[in-house]
Amino acid sequence: MKSLLASSALLMAFAAPAFAQGTDTYTPDPNAKPGGSITITYKDDVATLDPAIGYDWQNWSMIKSLFDGLMDYVPGTTDLRPGLAESYEISEDGVTYTFHLRPGVTFHNGREMTADDVVYSLSRVTNPETQSPGAGFFGMIEGYDAMLDGSATTLSGVTAVDPQTVQIKLSRPDATFLHVMALNFASVVPKETVEEFGPDFGRNPVGTGAYKLADWTLGQQVVFEKNADYWREGIPYLDQITFEIGQEPVVALLRLQNGEVDLPGDGIPPAKFQEVMGDPAQAERVIQGGQLQTGYITMNVTQPPFDNVQVRQAVNMAINKDRIVQIINGRAVPANQPLPPTMPGYTEGYEGYAFDPEGAKALLAEAGFADGFETELFVMNTDPNPRIAQAIQQDLAAIGITASIQALAQANVIEAGGAGTAPMIWSGGMAWIADFPDPANFYYPILGCAGAVEGGWNWSKYCNEDLDAQATQADSISDPARSDERLQMWSDIYTRVMEDAVWAPVFNEERYTMRSARMGGADNLYVDPVSIPVNYDYVYVTE
Amino acid sequence: MAGYLLRRLIQAVLILLGVTFVTFFLLYVLPADPVRQIAGRSATPETVESIRKQLGLDQPFWIQYGRYLWGLLHLDLGRSYLQRSEVAELIWARLPPSLLLMAGAIVCELVLGLTMGIVAALRPGTATDNGLMIASFVGVSAPQFVVGLLLLYLFGVKLHWLPISGYGTFSHLILPSLTLGILGAGWYSRMMRSSMVEVLRQDFIRTARAKGLTRRRVILRHALPNAILPVVAMIGIDIGIFMGGIVVVESVFGWPGIGQLAWQAIQRVDIPIIMGVTLVSAVAIVLGNLLADLVAPFIDPRIRLR
Amino acid sequence: MADAALPEPRRRGALGRLARRPLALLGLLIIGLTVAAALAAPWIAPFGRDEQLFEGLTLEGAPMPPGGAFPLGTDLLGRDLLTRILYGARTSLVIGVVANGIALFIGTLVGVTAGYFRGWIGSILMRFTDLMMAFPALLLAIALAAIFSPSLWIVAMVIALVNWVQVARVLYTETTSLAERDFVQAERAIGAGTGRILGLHILPHLLPTIIVYGTLGISTTVLLEATLSFLGIGVQPPQPSWGNIIFENQTYFQAAPWLVFFPGMANLLLALAFNLVGDALRDVLDPTQRGRG
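A quick note: this is a predicted structure, and the numbers were derived from the prediction, not measured.

**Regarding the overall build of chain C**
- A count of helical and extended segments in chain C gives 10 helices and 0 strands.
- Put simply, chain C runs from its N terminus to its C terminus through helices and strands in the order α-α-α-α-α-α-α-α-α-α.
- Taking all 293 residues of chain C together, 56% fall into the buried category.
- When contacts within chain C are restricted to residue pairs at least 6 apart in sequence, those whose partners lie at least 24 apart make up 75%.

**Concerning the overall build of chain A**
- On a plain count of helices and strands, chain A comes out with 18 helices and 21 strands.
- Its C-alpha atoms give chain A a radius of gyration of 23 Å, near enough to 24 Å, the size a compact globule of 543 residues would have.
- For chain A, the proportion of its 543 residues judged to be buried stands at 58%.
- Taking as baseline every contact in chain A between residues at least 6 positions apart, the subset at least 24 positions apart corresponds to 71%.

**Quick notes on the environment of Leu198 of chain C**
Residues and elements named next belong to chain C.
- Assignment of secondary structure puts Leu198 in helix α8 (residues 194-230).
- On the neighbour-count criterion, Leu198 (19 C-beta atoms within 10 Å) is partly exposed.
- Here the alpha-carbon distance between Leu198 and Asp80, two residues 118 residues apart in the chain, equals 50 Å.
- For Leu198, the residues in contact, after removing those within four places along its chain, are Val112, Tyr116 and Leu203.

**Quick look at the interface of chain A and chain B**
- In this complex, chain A contributes 42 residues to the contact, which on the side of chain B involves 42 residues.
- At the level of elements, α7 (249-257) and α14 (410-419) of chain A are the ones that each hand at least two residues to the side of chain A that touches chain B.
- Counting residues per element, the side of chain A that touches chain B draws most heavily on α14 of chain A, which supplies 5 residues.
- Split by residue class, the side of chain A that touches chain B holds 18 nonpolar, 14 polar and 10 charged.

**What to know about the sheet that holds strand β5 (residues 85-90) of chain A**
Residues and elements named next belong to chain A.
- Spatially, β5-β6-β8-β7 is the arrangement adopted by the 4 strands of the open sheet, whose pairing is antiparallel. Of all strands in the sheet, those with a lone pairing partner are β5 and β7 (158-162), marking the two edges. With strand direction ignored, the average angle separating the axes of adjacent strands in the sheet is 25 degrees.
- Sheet topology note: the β5/strand β6 (residues 96-101) ladder contains 5 bridges and is antiparallel. Bridge pairing in β6 links Glu89 to Thr98.
- In this fold helix α3 (residues 115-126) packs onto β6, β7 and β8 (165-169), with an angle of close to 175 degrees to the strand it touches most, β7.

**A few points about the sheet that holds strand β12 (residues 263-264) of chain A**
Residues and elements named next belong to chain A.
- Here 5 strands make up an open sheet; going across it, the order is β9-β10-β11-β2-β12 and the pairing mixed. Whereas interior strands pair on both sides, the edge strands pair on one side only; in this sheet they are β9 (211-217) and β12.
- Relative to strand β11 (residues 240-244), strand β10 (residues 221-226) runs antiparallel, the two sharing 5 bridges. Opposite Val223, over in β11, you have Thr242 as the bridge partner.

**Looking at the packing of helix α3 (residues 81-117) of chain C against helix α4 (residues 119-134) of chain C**
Residues and elements named next belong to chain C.
- Here α3 crosses α4 at 145 degrees, and the two axes come no closer than 7 Å. Considering only the axes of α3 and α4, their crossing is left-handed. Packed against α3, whose contacting residues are Val110, Thr113, Ala114, Gly115 and Phe117, the element α4 presents Gly119, Ile121, Gly122, Leu125, Met126 and Thr129 at the interface.
- Here the residues of the contact of α3 with α4 sort into 6 nonpolar, 5 polar and no charged.

**Regarding the confidence of the model for chain C**
- Considering every residue of chain C, the mean pLDDT works out to 86; 91% of them sit at 70 or more.
- Every residue in residues 1-5 of chain C scores below 50 in pLDDT, and together they form 13 contacts with partners more than four places removed in sequence or on other chains.

**Here's the deal with the nonpolar core**
- In this structure, Ile297 of chain A together with Ala141, Ile142 and Ile159 of chain C are the most contacted members of the largest nonpolar core, which totals 352 residues.
- Counting residues per element, this core draws most heavily on helix α6 (residues 152-179) of chain C, at 16 residues.
- In contact with Ile297 of chain A, other than residues within four places in its own chain, are Ile392, Met424, Ile425, Trp426, Trp503, Ala504 and Val506 of chain A.

**Details of the interface of chain B and chain C**
- Every contact between the two is made by 54 residues of chain B and, on the other side, 47 residues of chain C.
- Where the side of chain B that touches chain C is concerned, the elements lending two or more residues are α1 (2-29), α6 (127-141), α7 (144-158), α8 (170-200), α9 (203-210), α10 (215-227), α11 (229-253) and α13 (271-299) of chain B.
- At 8 residues, the largest contribution of residues to the side of chain B that touches chain C is made by α1 of chain B.
- The residue makeup of the side of chain B that touches chain C, split by class, is 32 nonpolar, 15 polar and 7 charged.

**Description of α7 of chain A**
Residues and elements named next belong to chain A.
- In terms of burial, α7 is largely enclosed, as 8 of its 9 residues are buried.
- Restricting attention to buried positions, one finds in α7 the residues Pro249, Val250, Val251, Ala252, Leu253, Leu254, Arg255 and Leu256.
- Two residues or fewer after α7 comes Gly259, characterised by a positive phi angle close to 85 degrees.

**Structural notes on the pairing of β6 of chain A**
Residues and elements named next belong to chain A.
- Residues Tyr97, Phe99 and Leu101 point to one face of β6 and are all buried, whereas Thr96, Thr98 and His100, pointing to the other face, are not buried.
- As consecutive antiparallel partners, β5 and β6 are separated by 5 residues, and within that stretch Gly94 has a phi angle of approximately 75 degrees, a positive value.
- Strand direction decides the pairing type here: β6 and β8, joined by 5 bridges, are antiparallel. Counterpart to Tyr97 in the pairing with β8 is Ile168.

**Observations regarding unusual backbone geometry**
- With an omega of 0 degrees, the peptide bond between Pro304 of chain A and Pro305 of chain A qualifies as cis.
- Of the consecutive residues Pro237 of chain C and Pro238 of chain C, the connecting peptide bond is found in the cis state with omega at 5 degrees.
- You can see Pro238 of chain C is positioned in the loop between α8 and α9 (242-248).
- Of note, the phi angle at Lys461 of chain A is positive, near 55 degrees, even though the residue is not glycine.
- With respect to the helices and strands, the residue Lys461 of chain A is situated in the loop between α15 (444-447) and α16 (465-475).

**Here's the deal with the pairing of strand β14 (residues 295-299) of chain A**
Residue and element names in this part refer to chain A.
- When you tally the buried positions in β14, you get 5 out of 5 residues, the bulk of the element.
- Across the two faces of β14 the burial is the same, with Gly295, Ile297 and Met299 and Tyr296 and Thr298 all buried.
- By the bridge criterion, 4 bridges tie β14 to strand β19 (residues 503-514) in an arrangement that is antiparallel. When the sheet's bridge partners are listed, Ile297 is paired in β19 with Ala504.

**Regarding the environment of Met191 of chain B**
- With respect to the helices and strands, the residue Met191 of chain B is situated in helix α8.
- Measuring from C-alpha to C-alpha, the distance between Met191 of chain B and Gly117 of chain B comes to 7.3 Å, with 74 residues separating the pair along the chain.
- Excluding anything up to four places from it in sequence, Met191 of chain B contacts Gly117, Pro230, Val231 and Met234 of chain B together with Thr209 and Val212 of chain C.

**What about α3 of chain A?**
All names here are of chain A.
- End to end, α3 covers 17 Å across 12 residues, agreeing with the expected 16 Å (1.5 Å per residue, within 8%).
- Counted residue by residue, α3 has 11 buried out of 12 residues, so it is predominantly covered.
- When α3 is considered as a whole, its buried residues turn out to be Ala115, Asp117, Val118, Val119, Tyr120, Ser121, Leu122, Ser123, Arg124, Val125 and Thr126.
- Looking at the buried residues of α3, the elements they touch are β6, α4 (144-148), β7, β8 and α6 (191-197).

**Focus: the packing of α1 of chain B against α4 of chain C**
- Relative orientation of the contacting elements α1 of chain B and α4 of chain C amounts to 40 degrees, with a least axis distance of 10 Å. Judged on the interaxial angle alone, α4 of chain C and α1 of chain B are oblique. In the packing of α1 of chain B onto α4 of chain C, the handedness of the crossing is right-handed. Contact residues: Gln11, Ile15, Gly18 and Val19 of chain B in α1 of chain B; Arg127, Asp130, Leu131 and Ala134 of chain C in α4 of chain C.

Rules of the game
- Residues numbered from 1 in each chain as written.
- Chains lettered and ligands numbered in written order.
- Predicted model: local features only at pLDDT ≥ 70, side-chain atom pairs only at ≥ 80, totals over all residues.
- Helix = DSSP H or I, 4+ residues; strand = E, 2+ residues; numbered from the N terminus.
- Buried ≥ 20, exposed ≤ 12 C-beta atoms within 10 Å, placed from the backbone.
- Contact = placed C-beta atoms within 7 Å.
- Rg over C-alpha atoms; globule rule 2.2 N^0.38 Å.
- Nonpolar A, V, L, I, M, F, W, Y, C, P; charged D, E, K, R; others polar.
- Pairing = 2+ DSSP bridges.
- Axes fitted to C-alpha atoms, helices over the stretch in contact; angles between N-to-C directions.
- Left-handed = near helix turned anticlockwise from the far one by under 90°.
- pLDDT = per-residue confidence, 0-100.
- Core = buried A, V, L, I, M, F, W, Y, C linked by C-beta atoms within 7 Å.
- Expected span 1.5 Å × (residues − 1).
- Parallel < 35°, antiparallel > 145°, perpendicular 65-115°, else oblique.

Put into structure tokens, the structure is as follows:
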């Protein structure tokens, strides 16, 4: 079993500014051979392959393989590199970006891509009629507000200077802009196909990506085939990928062990984990990697007694994180801050709140709750989250807090969190996974004032105007040369959040992928932090 | 007969109307907001409101319900909130495999259940009888997920006789039908035995034997037709019972049916799919009951349709 | 098809005859033990109901198999399985006996009434039964979960409301057949009271079906409760029930089979016990067993 979580190695990559002119540092794998096909299993139906709409972890990398955007990431890493734009310039004031498109890029339908397509695609995703969940990411582009209220149908900040050049004007400098251009939502789509299929474009996707859709049998399988005219030389390696749907994870693993399947898309189910890791032959084909994810307990700071910071700090000190990690068979590392270790802006060496039940009880007494109190802990009902919640419950009981568990379907927990009726929520199963590898992504929706509204994802309802101002200030530093300064500001912001003990971070989940013996490719492709779960463009078969 | 049929069909339509109403109402009062799910976690309040308006979810209950019924008349079941594709298309694609699975399960249930029940009834009180009845109870108590995995492991992984999962050929149908059917077989066998023992004790059976008829003839011509009536009634109910088991069995065997669709939709509160699947299963249940009522007089001519 | 003369059942000395059947006594014993375990759990259980023990898990977090301090093994949180099953008996008895019993009662009432009287009463009752059958039970469960605080009694109520329809349907069909028998017609003709006909001639012959639903129904309702609790409407963790122990640990049955086997056995044995008693009861009440047993 190879561990990829030498966090020091990845952090080295971030010692350098995160987007130093987005140079492509990728070196091709000398062992890679073209050809072959693989089978991947998933339990859930593929929702949609429309890049403006698809937003679940399952279709995220599938869409990435069918479409491209102006920016891209070096495979297996969180480093930006040029995508459809082979180079770009940023103006002095940081609000005008000029992208030079690669010549000769064609859509799957044969037509050549031009700057007009970029304008069309970005206008489409910000158009309220498309109902895109990612529209909000483009708020920094000029003309966004006009799109939102319906007074415009084209995003005025995006213009096609000539067929090979796109200019984008922002309404304010924003350090996350290039990351946003690498999101699936910013993928380039052909206008004629979108208009032909209308809302069914998600079933008939046409893009510029490494693969094209060959077949979709509803409820059974989705088949990708290689795009022979792909603009990146030499990839993809595979001729065909078959995604089989509706496979229970335990059965999928049985089939992998039987040699019928190459990759169980939902990972190794907890029930089989020990068996697999206990067998050296199988453990060898398991790849472990970190994720840009944190599991945390939210406490509603507007509901007493959680409006008292000492109570929240006591909760932080009461949780036995090592034991919880043991309960999930060691598939995580204990966390002491909101950001995961592989995220730029992570505060190395931060101590946080150590496990100290006696100290927690003392703190509670100081806060006026020497006899404890009663509360509720909401949790999603799928394994292993109820178990984790019960472990948390026992830890809280040890310091006098009686938390009754409300294990509900995901939608109901999200509703309770948004409405502010849940005093404590264990985020497992709904925990925040980064949309892009930048510390800002962890703040605004789940810790900022904008997310603290009714229905928002800031389940703690925490609104610290000071921190919001600091966040905006940090994000206005878009000059890559000053990115260290910016990351330091973010680090300070999250340290402040921990001082306020808004959350009790518990662990950062590790991702485990198991592949069949015939699959090849660097390990980091199988636990790609951006192309979740696997980077389909760069893996190959060795037979 | 024609009058009866007509009356029942009209009643069926009324029932289905009632089901759509209750279902729509329940989904309407559910606090989970579908618009937030569609809008995603990074949406601004303005985006959420805009989507709500576009989907017509800001309208009062009666208008929304009315629009849904209007769509039904055009066989339009709406579009899934999360998948954005047409519900009718999704259900249409997944219905045939589920129907096939149910048919296979009914065959297994009848073959296994009736055989066990009759054999047990003919040897009451013996070890065979007790053994078969315990087997029936085990069949009913065993969780279907576990049964499915066990069968799959034994016949798929260890013996390699049958495919591990999937859909397409007859051999793919065997294990899922068996898993789904074992539960029903337990019920049928128990019911059949009970009913049969009851019938065999009656005077007219002794009369028939006394008249010199062979044991076989007595059983087949006199006992069985009387005993099978409750079983026939149960077949009509089967579809309702299946709805629960089908979710589990389809997921274990990777069977592309509507069970998986329904379960996913319920967990995510994807209202159009939930409405569509509920409606389809309601139609199946109502028709199933109607069929059972129509068949009953053929089994027992004393019963008259009224 | 020959018609049968349906003789009167014998009730005198029935209980006495019941007591002489060893299998019936065995059944009663098992039921008694289950009830006793449920009531006495706090005193006889070796550990705390929700106590997650350090020794209950291996270093890698795996549960302990049966043996040593844990006679039935431990679960995924290191809790003693025997303790959990003892406490779980409470929940499962309420579900399997009370909820199922109520379902049986309502179903019998509706099915027999509809089948005997027919006409428009019968029609309305049966169409109402159709409606309830087509009704999306899972949906009702989720809706209730969102409105009320989940509890054992709510889920028991939902199960009762959902399960009576099958009983009603089958008993309806059987009653329509029984009601058409010649001598029942004869009794009506001579003006015998409805109560007498139902009580003496119809119900006793429905007893076998009722017993089947009363016994097999225990197993199915115990498992059904687990699904409903999963959706949020029934018991919440850490409260145990045989059904939810099985449900939560289904995927682990290869790695830790005891977690499914033991609660499953408990469920099976309880249903079998009721079956033994029920069968014996049916035998002693059987009108055709004149002079026998």
